[in-house]
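The lines below spell out each chain.
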Amino acid sequence: MEWEYLSFRLWIGIWIGVILLIMVATDASFVVQYITRFTEENFATLIAVIFIIKAIEKVIHIGDKYPMAESPCYCDPDKKGLASEAGWRLDQSLISPLPDRDESHVCDVSLEINGTITTTHGHTSIGCYYVPNAFLMSILIFIGTYLISSNLKQFKFTNFFPIKVRSYISDFAVVIAIVSMTLTDFLVGIDTPKLSVPSQFAPTLPNRGWVIPPFNGNPVWSAVFAIIPALLGSILIFMDQQITAVIVNRKEHKLLKGCGYHLDLLLVALLIMVCSALGIPWFVAATVLSINHVRSLQRESESAAPGEKPSFLGIREQRVTHVVIFLTIGMSVFMTPILSKIPMPVLYGVFLYMGIASLNGLQFFDRILLMFMPKKYQPDYPYLRHVTMNRVHLFTSIQIACFAGLWIIKSFSQTSILFPLMLVIMIVVRKGLDWVFTKRELQVLDDILPAFKRHDRLDDEEALQTENLQNEERRPSLNLRYTQSAVEVDMASGKVMRIPNTAIKQPEINITEVSSGMNIMFPHP
């Protein structure tokens, strides 16, 4: 006997809501102090890589329904063994091409087995939906959407147009990319896959209502059994919500208002219950969307000197954009005629851009790039001034190993149910790094994990201060050596930079002008 999925999902959502409410009441959000950069950037990188890979996979799979080469249109039998026994050939079930390619059509195939005609069900082949250049056009608008979005986003750093015009173009880069590529697809006239939207405001399944029944044929004890998957779901939603909140509330964002970890979790718990009752997707924190939203609200200085990049001032902390975003999402149900004209490759291009854009600024990603850079081309990151390159690479390698573990657990259906537990294990792994790196190194590359007891915290603070003082005392002063032909400077990398004396221009001093400017009278001999 098969269970009704939506009814079972309703009880899972109710249990998740109850568990999250208990977490709110018991101040469980205090665990965010153990979610350091090591854990949060691993999770954020995983989500960003999923966006990138899935966007590319979706575009490649367009070729499954829109083949590049023309092929025969026939009815492919579902029962391959029966077709093989009858000696079936595709030329025996040729049919006319079909215009509708939303899904594979069901057809019937007549097979002769031992002189008896047997009819079996089958599906139309890919050749029934051949459209010239559809797959190629999809690839072009996919790449075009990404290139337009990424280049226009950097348009505010160019020298064209006034600063306000450049800012508007940069802020609406994604919208400009979507509109321009949609118009291009419309003008070219090739039948590329479009966004599938419902034609009426109603539940997607015709045999269900707005509210999900509690059981709908499921056994009564299924409501109790739902607590097992609900426990894993609660861990995943809790970690997703709190990691996203920690990333958004980083100190480098210079936020002025306080954090609302408990309030956010309370709203998520209540909304999950409502969404479960209505049979719609759960409302959870979207890490990639949140990161891109915060970066779109950055404030920068406008009075920069010529050639100088504007400095970061903080984030525009307001509620207008959030309200407008969700109102626009709600109003989109009345814009289905327009949304149905947007090609799917355009949306895949936006997903690719969001995934790549969210990687920028992640220290984990920057440190991965450092592993492939010669020393003379490495950027002057602050942590490179306090931690040796070998220790930085060791920390990055451990983080890559943890990222690979998360990816492997997620990729296989047999182990994906353990993914929420892996996020908790990440915190344990980070705690183990206290035995590998010094507190000074962890303070620079990550964050110091708080101790459980007050005297341990005081000992950690004292040890960290002592280590900082020792580092300051051991810091070598700038070593200059003067030779007849050049000045030699010892670099931090161990190399020696030689500056020729001819390249050093000494200022010419006119003693008369200096003395007159200082009103100094020299006695005559």
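Residues numbered from 1 in each chain as written. Predicted model: local features only at pLDDT ≥ 70, side-chain atom pairs only at ≥ 80, totals over all residues. Heavy atoms only, no water.

Right, let's get into the overall build of the protein. Of regular secondary structure, the protein possesses 19 helices and eight strands. When contacts within the protein are restricted to residue pairs at least 6 apart in sequence, long-range pairs at least 24 apart make up 71% of them. Summed over its atoms, the accessible surface of the protein is roughly 32,600 Å², and 65% of this surface lies on carbon and sulfur atoms. (Helix = DSSP H or I, 4+ residues; strand = E, 2+ residues; numbered from the N terminus. Contact = heavy atoms within 4.5 Å. Areas by Shrake-Rupley, 256 points an atom, 1.4 Å probe, with all protein chains shown as cover.)

Grouped together as the largest cluster of nonpolar side chains are 78 residues, with contacts concentrated most on Ile-16, Leu-20, Met-23, Met-239, Phe-395, Leu-406 and Phe-419. In terms of residue count, the dominant contributor to this core is helix H2 (residues 37-65) (12 residues). Beyond its immediate stretch of four places on either side in the chain, Phe-395 contacts Phe-38, Arg-367, Leu-433, Phe-437, Leu-442, Leu-445 and Asp-446. (Core = buried A, V, L, I, M, F, W, Y, C linked by side-chain atoms within 4.5 Å. Buried < 20%, exposed > 50% of the residue type's maximum accessible area, 1.4 Å probe, protein only.)

Moving on to the packing of H2 against helix H13 (residues 344-359). Following both chains from N to C, one finds H2 and H13 inclined at 155°, their axes separated by 8 Å at the closest point. The angle between H2 and H13 places the two elements in the roughly antiparallel class. H13 is crossed by H2, and the crossing has left-handed handedness. Contact residues: H2 offers Thr-45, Ala-48, Phe-51, Ile-52, Ala-55, Ile-56, Lys-58, Val-59 and Ile-62, while H13 offers Pro-345, Tyr-348, Phe-351, Leu-352, Gly-355, Ile-356, Ser-358 and Leu-359. Per-class residue counts for the contact of H2 with H13 are 13 nonpolar, three polar and one charged. (Axes fitted to C-alpha atoms, helices over the stretch in contact; angles between N-to-C directions. Parallel < 35°, antiparallel > 145°, perpendicular 65-115°, else oblique. Left-handed = near helix turned anticlockwise from the far one by under 90°. Nonpolar A, V, L, I, M, F, W, Y, C, P; charged D, E, K, R; others polar.)

Within the fold, Ser-29 resides in the loop between helix H1 (5-25) and H2. Leaving out residues up to four positions away in the same chain, Ser-29 has contacts with Phe-238, Gln-242, Tyr-261, His-262 and Leu-265.

For the rest of this paragraph, the subject is helix H14 (residues 363-370). Because each turn of an α-helix spans 3.6 residues, side chains separated by three or four positions in sequence point in the same direction. Residues of H14 that are buried: Gln-363, Phe-364, Asp-366, Arg-367 and Leu-370. Burial along H14 is one-sided: seen end-on, the buried residues are contained in an arc of 160°. The inward-facing, buried residues of H14 contact H2, helix H15 (389-411) and helix H17 (439-445). (Arc of directions from axis to C-beta.)

Despite not being glycine, Asp-27 has its phi angle at roughly 60°, a positive value. Within the secondary structure, Asp-27 is located in the loop between H1 and H2. Of note, the phi angle at Asn-216 is positive, near 55°, even though the residue is not glycine. Looking at where Asn-216 falls in the secondary structure, it is placed in the loop between helix H6 (173-188) and helix H7 (222-225).

With that out of the way, let us pick up the packing of aromatic side chains. For any two aromatic rings, the description comes down to two numbers: the centre-to-centre distance and the angle of the planes. The full count for this structure, using the stated rule, is 13 aromatic pairs. Where Trp-11 meets Phe-215, the ring centres are 5.6 Å apart and the plane angle is 35°; that geometry is what we call tilted. Linking Trp-11 in helix H1 with Phe-215 in the loop between H6 and H7, this pair joins segments that are 204 residues apart in sequence. Their ring planes at 15° and their centres at 5.4 Å tell us that Tyr-381 and Tyr-383 sit as a pair that is stacked. Residue Tyr-381 is classed as partly exposed on the basis of its relative accessible area of 22%. The exposure class assigned to Tyr-383 is buried, which follows from its relative accessible area of 6%. The ring centre of Trp-407 lies 4.4 Å from the NZ or CZ of Lys-410, which sits over that ring. (Phe/Tyr/Trp six-rings, centres within 6.5 Å; stacked < 30°, edge-to-face > 60°. Lys NZ or Arg CZ within 6 Å of the ring centre and 35° of its normal.)

Before going further, it helps to examine the pattern of salt bridges. Under the criterion given, the structure shown has 10 salt bridges. Put simply, Glu-41 and Arg-37 hold a salt bridge, and the shortest N to O gap is 2.9 Å. Here the residue Glu-41 and the residue Arg-37 both occupy positions in helix H2, the gap between them amounting to four residues, near one helical turn. Between Glu-41 and Arg-250 there is a salt bridge whose closest N-O contact spans 3.4 Å. Of this pair, Glu-41 sits in helix H2 while Arg-250 sits in the loop between helix H8 (227-248) and helix H9 (261-278), and the two are 209 residues apart along the sequence. Here Arg-250 falls in the buried class, since its relative accessible area comes to 10%. The network of salt bridges with shared partners includes Arg-37, Glu-40, Glu-41 and Arg-250. (Salt bridge = Lys/Arg side-chain N within 4 Å of Asp/Glu carboxyl O.)

At a closest axis distance of 10 Å, the pairing of H6 and H13 adopts a crossing angle of 155°. In terms of orientation, H6 and H13 fall into the roughly antiparallel class. Read as a crossing pair, H6 and H13 show a hand that is right-handed. Contacts from Val-174, Ile-178, Met-181 and Thr-182 of H6 reach H13 at Val-346, Val-350 and Tyr-353. Across the contact of H6 with H13, the residue classes tally to six nonpolar, one polar and no charged.

In the predicted model, the protein carries a mean pLDDT of 80, and 78% of its residues have values of at least 70. Element-level pLDDT for the protein is lowest in helix H19 (residues 511-517), with a mean of 48, against a maximum mean of 94 in H6. Scored below 50 in pLDDT, residues 472-478 shows two contacts in the model against residues more than four places distant or in partner chains. Here residues 511-515 scores under 50 on pLDDT; set against residues more than four positions off or in separate chains, the count is three contacts. (pLDDT = per-residue confidence, 0-100.)

By the secondary structure assignment, Thr-192 is in the loop between H6 and H7. Taking the relative accessible area as the measure of exposure, Thr-192 reaches 1% and is therefore buried. Along the chain, Thr-192 and Met-137 lie 55 residues apart, while their C-alpha atoms are 7.2 Å from each other. If near-sequence neighbours (up to four positions away) are discounted, Thr-192 is found in contact with Tyr-66, Ala-134, Met-137, Ser-138, Asp-185 and Pro-343. A distance of 2.7 Å separates a polar atom in the side chain of Thr-192 from a polar atom in the side chain of Asp-185. (Polar contact = N/O pair within 3.5 Å; in protein donor to acceptor, adjacent residues only side chain to side chain.)

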